[in-house]
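Read off the chains here:
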Protein chains: 2
Amino acid sequence: MAWTHRGCCLWLVLLCACVWGHPKPMGLGRMDVRNCSTSPPYLPVTAVNTTAQLAALRQEIQTQSLFAYIIPDTDAHMSEYISKADERRAWMTGFTGSAGIAVVTMRRAALWTDSRYWTQAERQMDCNWELHKEVGTTLIVTWLLSEVPAGGRVGFDPFLFSIDSWERYNTAFQGSDLQLVSIMTNLVDVVWGSERPLIPSQSIYALQEEFTGNTWQQKVSDIRSQMQNHPQAPTAVLLSALDETAWLFNLRSNDIPYNPFFYSYTLLTDSSIWLFANKSRFPLETLQYLDSSCTGPMCVQLKDYSQVRDHIQNYILGDVKIWIGTSYTTYGLYEVIPKEKLLEDIYSPVMITKAVKNPKEQALLKATHVRDAVAVIRYLVWLEKHVPQGTVNEFSGAELVDKLRGEEEFSSGPSFETISASGLNAALAHYSPTKEVYRKLSTDEMYLLDSGGQYWDGTTDITRTVHWGTPSAFQKEAYTRVLMGNIDLSRLIFPANISGIEVEAFARRALWEIGLNYGHGTGHGIGNFLCVHEWPVGFQYNNIDMTKGMFTSIEPGYYKDGEFGIRIEDVALVVEAKTKYPGAYLTFEVVSLVPYDRNLIDVSLLSPEHLQYLNHYYQTIREKVGPELQRRQLLEELAWLQKHTEPLSARAPGTSPLASVLAASTLAILGWRA
Amino acid sequence: MAWTHRGCCLWLVLLCACVWGHPKPMGLGRMDVRNCSTSPPYLPVTAVNTTAQLAALRQEIQTQSLFAYIIPDTDAHMSEYISKADERRAWMTGFTGSAGIAVVTMRRAALWTDSRYWTQAERQMDCNWELHKEVGTTLIVTWLLSEVPAGGRVGFDPFLFSIDSWERYNTAFQGSDLQLVSIMTNLVDVVWGSERPLIPSQSIYALQEEFTGNTWQQKVSDIRSQMQNHPQAPTAVLLSALDETAWLFNLRSNDIPYNPFFYSYTLLTDSSIWLFANKSRFPLETLQYLDSSCTGPMCVQLKDYSQVRDHIQNYILGDVKIWIGTSYTTYGLYEVIPKEKLLEDIYSPVMITKAVKNPKEQALLKATHVRDAVAVIRYLVWLEKHVPQGTVNEFSGAELVDKLRGEEEFSSGPSFETISASGLNAALAHYSPTKEVYRKLSTDEMYLLDSGGQYWDGTTDITRTVHWGTPSAFQKEAYTRVLMGNIDLSRLIFPANISGIEVEAFARRALWEIGLNYGHGTGHGIGNFLCVHEWPVGFQYNNIDMTKGMFTSIEPGYYKDGEFGIRIEDVALVVEAKTKYPGAYLTFEVVSLVPYDRNLIDVSLLSPEHLQYLNHYYQTIREKVGPELQRRQLLEELAWLQKHTEPLSARAPGTSPLASVLAASTLAILGWRA
């Protein structure tokens, strides 16, 4: 999936919000959006009345001697998706988009969100709220400076601020006479009270050993030896991202949509293991699995989720040093650790270790992709039959592909909300159909499907774009060049340990050549039954160097506003490359196994290297997916697979004229003789 | 020139020091290096006795109540090359290499330098000095922590510390009980006394208007309007890099080797212009040119170079904000400006503005490159005749090419020390021949020439690698792939405003494909009679986005230790690209105009696009350099140029067999008839 949704951790969204074009200005007199300039204001039926909760929040703001309160859009773990109980900004404002920050003062209430969400905000908010269309900490602080009297206190929940965002606000406030005040009680939660959705409470379970790369004991030992070998000799690692704790202990649950995680922190020290979570959610077998009844260095001691800050405050009284990943640790924990007791890295050693899959994890993820390909191929075969009948729409299609994945072994639901987009909808960055709003699939339009699954053995993410009728020359040209970019990056040989940002342009060159491009990133890491956007692997500036054993998506695209959208996304494993002269070189092994749409490929644009790569990929699909289809007697799908993986050959602009010359010359000679 | 020398500003060297391989361990019993483990120690004749200056320095250290003193390798402007008067570290240690930091305590004296210089240091230093072979602030500070007693003071000259290096030392000292103390008097200078070389005192002159892109008044107005339009409304810009002041006022002199600069600072405020330099060096015409007798906003008020810190301390008493480029401003100025009165950018607006050449500056630089090509072609023609006679060596060759450049109009000397390297010497990162040590040029070896000139209208830098005999298959393969990299990057079409680091891999792909690479950067900016390594343009992480009007070198290479070295370097202008679909796209226009060595090109490796590009480049060389050679009646060179720019055609693995098939089939038919 391209970064039209948030990254697995929140900061990803910041990278993509700015690159999509601004939408057209909204028409006057529209009935689906609010109009606060009339008297009385016009509100569409979708707008939420927020007067009561605003009044109650202002009461709390006053009680805390504040003048303003900042309401971010995240949870205490900087998660990509957040649970209902964390949707504070949505509940306060009515606006349910995934990105947007609200600020409430005694007089005014304002929301900042980027262009993807302007229309949605105008539909969902009442006139208590002003909408700010340019986003950024500096703009919010500038607004606060004009709104809050000198000496005024601006409150925030430190558990909803990353260290970075706290630093940005703090810097912006410097030199002003306002105070930025960390308030441990979340004021929205106070107001929300008993109406606030319950925090999920399903069981926390251990993955079966066959689905794990290592036991939790091995992982703990590995991280501890990294602590010991570190020149600064940290005595503990603090894990704040939910996938860190899930990975370390091979535990899963279901607190967050699309992600099998549970609310938790871990403090792994040189002599103890502290896991902070809702203790009542651990069944006996999980407690036994964790050796939670003892207190030795290989026993997991459970403490309540809410005790993490107190525990750390106590821990730092000793001669200790805590290793953190600053990208996703919140200010709520950061502010209690003295600087000299902190070892700050962008990512914790758990995040870095998790990024490189061992051979067992690689095998698991590859096996997942074979089954995932079966589900997608079944869907594509079904579409090929049913779209011409006019009976399929984006939403019913999305439901079907989710259902087909659900029928695969070890399935545990989709890994993100399926993007099923026809025609011009595929050009929208943030589009998913709903039960109410969808477009019919048609042989006159291109269709983009970006979807993925969670399975006990792995997480998948694949995008295919298809056309069942006659694509335009421009559509074929754009599709073929997107494909060329996918191939050029996938087949690239590059030195070990260089950063993705240094090679991602190979996915764009074929588009750039004719003046086209795409406005999102080129790929992201992916987990084993973990995040579909798993940091810190990828092709952006803040990703770490490429290493053998990492998995990344490769997903160039092209989007023509108001007309169509193309994206071709595969997941690939970073593997050693064999080069003519010896050296530490890497390349990609694509593990997604679904053919590209031949109807959209203009073979004349492809180089011999492209064709060779494509045909080799087709052969791999046949070898890996064919037997699985056979085994399950999916014979129609098998026939489809054979047809769509026939080797392609160049229409060879050179060969055919030369052959003609040869024939002509032979004929001429014969003719001359005759 | 590749970054085997320092960048124009000092920080460049840090990027390249680490990527070259470590040299072989030194042999035991060698007579050319010191041996401090024998009694008495063995010292080669090249070692410098530093006992006296060390004793004197320790006296000064004691007088200042210090326990240690740090001696960096730079000047107060973070210049790429430094004058004799700034070679403090060399004078103290005996070691003359361009990179290395010395620290002297009451008991010990130590030098840290990277692998390029280990042998040189062992040859030049006596046994007063210990050599540390791993470099980095942390290592120096770790050594100091073990050496200096608790509470001890470690002194440094704040004018020889960049802000960055001060921050690195400061961070490394945090938590320790040592004090890092800024000492305004340079202790080495005190000891050096009257022996210290004089600071250069040649006249400071204004460039003729025909060689300038704009008058200094226009440039001052432009920078002032950037100040006014900046949201933080700075009241002044402080210029610390020598090329900033030289560019702003179109002034030049000769204080620094290879760079036409003079020691100076500028404080450009909204209402005044202060230029700090040696006032006695301005002749009357320069004073008039600068309108230095008045005090209005467009008058340049001269103050002595040494007054800059006091002047700033006085200036910051007002309601002001000073805009600086933090990459090359020293801690000596930074420490006196309160944080809230600072506007910090990595590069000042002068550095950013200077990076984009206006049409007149572009035309000047292009004209320079035509004359520079004549000099290089004259040299290559001469080599072709004389190398087979065995009468040329690296040093005499370097002297000749410098002399030939010197004969060109507007010449003002070389822009860096000529790298003239034959055979295995070309594989060394830091090689230049000397009068004493050189290698004979031969038809059995490859020869690499990396050289450039300063001219009143521009600065040049070009590398050509040639072979006059029969290159090995591997040499041809490597050369051709270096050339493919040069072409792939030069012909790339890319979106406006992306960073060089995102595209530089195109210069490496052809090498990577077979497991080869090079350990230096791919290019750097270049000035108009300014730095040959002009920041902040280039292909590294800390370069700014590419923009129309920038000039950069493009210089992939390949180096085979102990055998040969290849580099192909051109200077290219960033220009708008015409694309099939409209958009803001850029590409490069190569302005270096010397043919590549056909003897080293394996045409069969080149794609049709490579050949098309090459032949177009050859045509450009003919059109631009041909008439100049004709005009000057350099007919031998003109004939050489024609020969070396004949269009190349594919040995077309397809064509020639097919032609044979055609012929054979024709013959067969004829034969059958006969």
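My aim in this report is to walk through the structure given alongside it, one point at a time. If you're wondering where the values come from, they're calculated on a predicted model, not measured in any experiment.

**Observations concerning the overall build of chain A**
Here's step 1: Helix and strand content of chain A: 20 helices and 28 strands.
Here's step 2: By the compact-globule yardstick of 26 Å for 674 residues, chain A fits well, its C-alpha radius of gyration being 27 Å.
Here's step 3: Seen along its three principal axes, the alpha-carbon backbone of chain A occupies a region of about 110 × 70 × 45 Å.
Here's step 4: Considering only intrachain contacts with a sequence separation of at least 6, the fraction spanning at least 24 residues in chain A is 72%.

**Let's talk about the packing of aromatic side chains**
Here's step 1: Counting across every chain of the model gives 52 aromatic pairs over all chains.
Here's step 2: Each ring, one from tyrosine 347 of chain B and one from tryptophan 535 of chain B, has its centre 6.4 Å from the other, and the planes form 25°; the classification is stacked. Here the residue tyrosine 347 of chain B occupies a position in the loop between β14 (342-345) and α13 (349-355), and tryptophan 535 of chain B occupies one in strand β23 (residues 534-538), the gap between them amounting to 188 residues. Residues tyrosine 347 of chain B and tryptophan 535 of chain B agree in their burial class; the two are buried.
Here's step 3: By way of ring pairs, the aromatic residues Phe156, Phe161, Trp166, Tyr169, Tyr331 and Tyr334 of chain A are connected into one cluster.
Here's step 4: Across the ring face of tyrosine 518 of chain A, the terminal group of arginine 508 of chain A is positioned such that the distance to the ring centre comes to 3.8 Å.

**Digging into the sheet that holds strand β5 (residues 153-156) of chain A**
Residue and element names in this part refer to chain A.
Here's step 1: Spatially, the six strands line up as an open sheet ordered β4-β3-β2-β1-β5-β6, and their pairing is mixed. Of all strands in the sheet, those bounded by a partner on one side alone are β4 (130-132) and β6 (179-182). On average, each strand axis in the sheet is tilted by 25° relative to the strand beside it, whichever way the strands run.
Here's step 2: Bridge count between strand β1 (residues 68-71) and strand β2 (residues 101-105): four bridges; the pairing is antiparallel. Within β2, the residue paired with tyrosine 69 across the bridge is valine 104.

**Some points on the state of the cysteines**
All names here are of chain A.
Here's step 1: In the structure shown here, the tally under the stated rule is four disulfides over all chains.
Here's step 2: The disulfide bridge from cysteine 36 ends at cysteine 127, spanning 2.0 Å between sulfur atoms. The disulfide joining cysteine 36 to cysteine 127 has a torsion of about -90° about its S-S bond and is therefore left-handed. With cysteine 36 in the loop between α1 (12-16) and α2 (51-63) and cysteine 127 in the loop between α4 (118-124) and β4, this residue pair connects regions lying 91 residues apart in the sequence.
Here's step 3: Disulfide pairing is shown between cysteine 294 and cysteine 299; the S-S distance is 1.9 Å.

**A closer look at empty space enclosed by the protein**
Residue and element names in this part refer to chain A.
Here's step 1: Across all of its chains, the model carries nine cavities of 30 Å³ or more by this definition.
Here's step 2: The volume enclosed by the largest cavity comes to roughly 90 Å³.
Here's step 3: Together, 14 residues line the largest cavity, and Lys219, Trp247, Arg252, Glu361 and Asn528 are the ones closest to its centre.
Here's step 4: Its residues assigned to classes, the lining of the largest cavity shows five nonpolar, four polar and five charged.

**Overview of the pairing of β2 of chain A**
The two faces of a sheet get side chains in turn, since along a regular strand they alternate between them.
Here's step 1: With respect to burial, β2 of chain A is a largely interior element, four of its five residues being buried.
Here's step 2: The antiparallel hairpin formed by β2 of chain A and strand β3 (residues 109-112) of chain A contains three residues in its connecting segment.

**Brief notes about the packing of helix α14 (residues 359-386) of chain A against helix α18 (residues 608-631) of chain A**
Residues and elements named next belong to chain A.
Here's step 1: The N-to-C vectors of α14 and α18 enclose an angle of 70°; their axes lie 10 Å apart at closest approach. On the basis of their axis angle, the class for α14 and α18 is roughly perpendicular. For the pair α14 and α18, the sense of crossing is right-handed. Contact with α14, carried on its side by Val370, Ala373, Val374 and Ile377, involves Lys624, Val625, Glu628 and Leu629 of α18 and no other residues of that element.

**Some remarks on the sheet that holds strand β16 (residues 419-422) of chain B**
Residues and elements named next belong to chain B.
Here's step 1: Strand order in this open sheet of three strands is β16-β17-β20, and the pairing throughout is antiparallel. Two strands lie at the open edges of the sheet, namely β16 and β20 (462-467), each paired on one side alone. Ignoring strand direction, the axes of neighbouring strands in this sheet form an average angle of 10°.
Here's step 2: Both β16 and strand β17 (residues 446-451) contribute to a ladder of four bridges, which runs antiparallel. Paired with serine 420 across the strands is leucine 449, a residue of β17.

**Comments concerning the pairing of strand β23 (residues 534-538) of chain A**
Residue and element names in this part refer to chain A.
Here's step 1: Counted residue by residue, β23 has five buried out of five residues, so it is predominantly covered.
Here's step 2: Sheet topology note: the strand β22 (residues 524-525)/β23 ladder contains two bridges and is antiparallel. If you follow histidine 524 over to β23, its bridge partner there is glycine 538.

**A look at the packing of α18 of chain A against helix α19 (residues 635-644) of chain A**
All names here are of chain A.
Here's step 1: The geometry of α18 relative to α19 is characterised by a closest axis approach of 10 Å and an angle of 170° between their N-to-C directions. Taken together, the axes of α18 and α19 are roughly antiparallel relative to one another. In this structure, α18 contributes Tyr618, Ile621, Arg622, Val625, Gly626, Leu629 and Gln630 to the contact, and α19 contributes Leu635, Glu637, Leu638, Leu641, Gln642 and His644.
Here's step 2: Grouping the constituent residues of the contact of α18 with α19 by class yields seven nonpolar, four polar and two charged.

Reading the values: the criteria
- Residues numbered from 1 in each chain as written.
- Chains lettered and ligands numbered in written order.
- Predicted model: local features only at pLDDT ≥ 70, side-chain atom pairs only at ≥ 80, totals over all residues.
- Heavy atoms only, no water.
- Helix = DSSP H or I, 4+ residues; strand = E, 2+ residues; numbered from the N terminus.
- Rg over C-alpha atoms; globule rule 2.2 N^0.38 Å.
- Contact = heavy atoms within 4.5 Å.
- Phe/Tyr/Trp six-rings, centres within 6.5 Å; stacked < 30°, edge-to-face > 60°.
- Buried < 20%, exposed > 50% of the residue type's maximum accessible area, 1.4 Å probe, protein only.
- Lys NZ or Arg CZ within 6 Å of the ring centre and 35° of its normal.
- Pairing = 2+ DSSP bridges.
- Axes fitted to C-alpha atoms, helices over the stretch in contact; angles between N-to-C directions.
- Disulfide = S-S within 2.5 Å.
- 1 Å grid on protein atoms, 1.4 Å probe; cavity = no way out; pocket = protein on both sides within 12 Å on 5 of 7 lines; lining within 4 Å.
- Points joined across faces, edges and corners; volume = space filled by probe spheres on them.
- Nonpolar A, V, L, I, M, F, W, Y, C, P; charged D, E, K, R; others polar.
- Parallel < 35°, antiparallel > 145°, perpendicular 65-115°, else oblique.
- Left-handed = near helix turned anticlockwise from the far one by under 90°.

None of the figures reported here should be taken as evidence of function without further support.
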